[in-house]
Amino acid sequence: MNIKPLKDKVAVKFVEEQEKTKSGIVLPDTAKEEKPQQGVVIAVGDECCNDDGEPVVSVDDMVVFDKYAGNTITVDGTDYVIVSIDNILAVIEN
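My aim in this report is to walk through the structure given alongside it, one point at a time.

The rules behind these values
Residues numbered from 1 in each chain as written. Predicted model: local features only at pLDDT ≥ 70, side-chain atom pairs only at ≥ 80, totals over all residues. Heavy atoms only, no water. Helix = DSSP H or I, 4+ residues; strand = E, 2+ residues; numbered from the N terminus. Buried < 20%, exposed > 50% of the residue type's maximum accessible area, 1.4 Å probe, protein only. Contact = heavy atoms within 4.5 Å. Pairing = 2+ DSSP bridges. Axes fitted to C-alpha atoms, helices over the stretch in contact; angles between N-to-C directions. Phe/Tyr/Trp six-rings, centres within 6.5 Å; stacked < 30°, edge-to-face > 60°. Core = buried A, V, L, I, M, F, W, Y, C linked by side-chain atoms within 4.5 Å. Salt bridge = Lys/Arg side-chain N within 4 Å of Asp/Glu carboxyl O.

### Points about the overall build of the protein
Logical step 1: Along the protein, the regular secondary structure elements total zero helices and six strands.
Logical step 2: The helix and strand sequence of the protein, counted from the amino end, reads β-β-β-β-β-β.
Logical step 3: For the protein, the residues scored as buried account for 28% of the 94 residues in total.
Logical step 4: Long-range contacts, defined as pairs at least 24 residues apart, comprise 62% of the intrachain contacts of the protein with a sequence gap of at least 6.

Written out as structure tokens, the structure reads:
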């Protein structure tokens, strides 16, 4: 199943990184209290462009978004969040 965001919305697949303490102990999922704030863009709405008409984000970009932004959905057992382009704070570049 494909997700096609409308207007200025972006579909993001959550990416959860393993969290480690300074001593290298990996924390289990049950120790995490909050949902992740970053993910990979899987689809972009038609109105997600800057003033020059260039896309602000692209599919496969790793992005950081507002903590309580968007709506979480589950499709085929995978969690996604649909956020407004205004709630995307940064693109993480490698």
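Further notes follow.
### Regarding the sheet that holds strand β6 (residues 88-92)
Logical step 1: Taken together, six strands build an open sheet; the order of strands is β4-β5-β1-β2-β3-β6 and the sheet is antiparallel. Sheet topology places β4 (71-75) and β6 at the edges, where each strand pairs with a single neighbour. Each neighbouring strand pair of the sheet contributes to a mean axis angle of 40 degrees, computed without reference to strand direction.
Logical step 2: Here four bridges tie strand β3 (residues 62-65) to β6, and the two strands are oriented antiparallel to one another.

### Here we look at the packing of aromatic side chains
Logical step 1: Taken as a whole, this structure holds one aromatic pair when the rule is applied.
Logical step 2: Between Phe14 and Phe65, the ring centres sit 6.2 Å apart and the planes meet at 55 degrees, which makes this aromatic pair tilted. With a gap of 51 residues between them, Phe14 in strand β1 (residues 9-14) and Phe65 in strand β3 connect regions that are remote in the sequence. Phe65 matches Phe14 in its accessibility class, with the two residues each being buried.

### Things to note about the nonpolar core
Logical step 1: If you look at the biggest cluster of nonpolar residues, it comprises 14 residues, and the most contacted ones within it are Val10, Val12, Val57 and Val83.
Logical step 2: Listing elements by their share of this core, those giving two or more residues are β1, β2 (38-44), β3 and β5 (78-84).
Logical step 3: For this core, the leading source of residues is β1, giving three residues.
Logical step 4: When near neighbours in sequence (up to four residues on either side) are disregarded, Val83 contacts Asp8, Lys9, Val10, Val12, Phe65, Ala69, Gly70 and Ile88.
Logical step 5: Ile3, Ala11, Ala43 and Val75 belong to the second-largest nonpolar core, a separate cluster that totals six residues.

### Some remarks on the pattern of salt bridges
Logical step 1: The full count for this structure, using the stated rule, is two salt bridges.
Logical step 2: One salt bridge in this structure joins Asp46 and Lys4, with 3.4 Å as the shortest N-O distance. Note that Asp46 is positioned in the loop between β2 and β3 and Lys4 in the segment before β1, a separation of 42 residues in sequence. Judged on exposure class, the residue Asp46 and its partner Lys4 are both exposed.
Logical step 3: The partner of Asp8 in a salt bridge is Lys9, with the nearest N and O atoms 3.1 Å apart.

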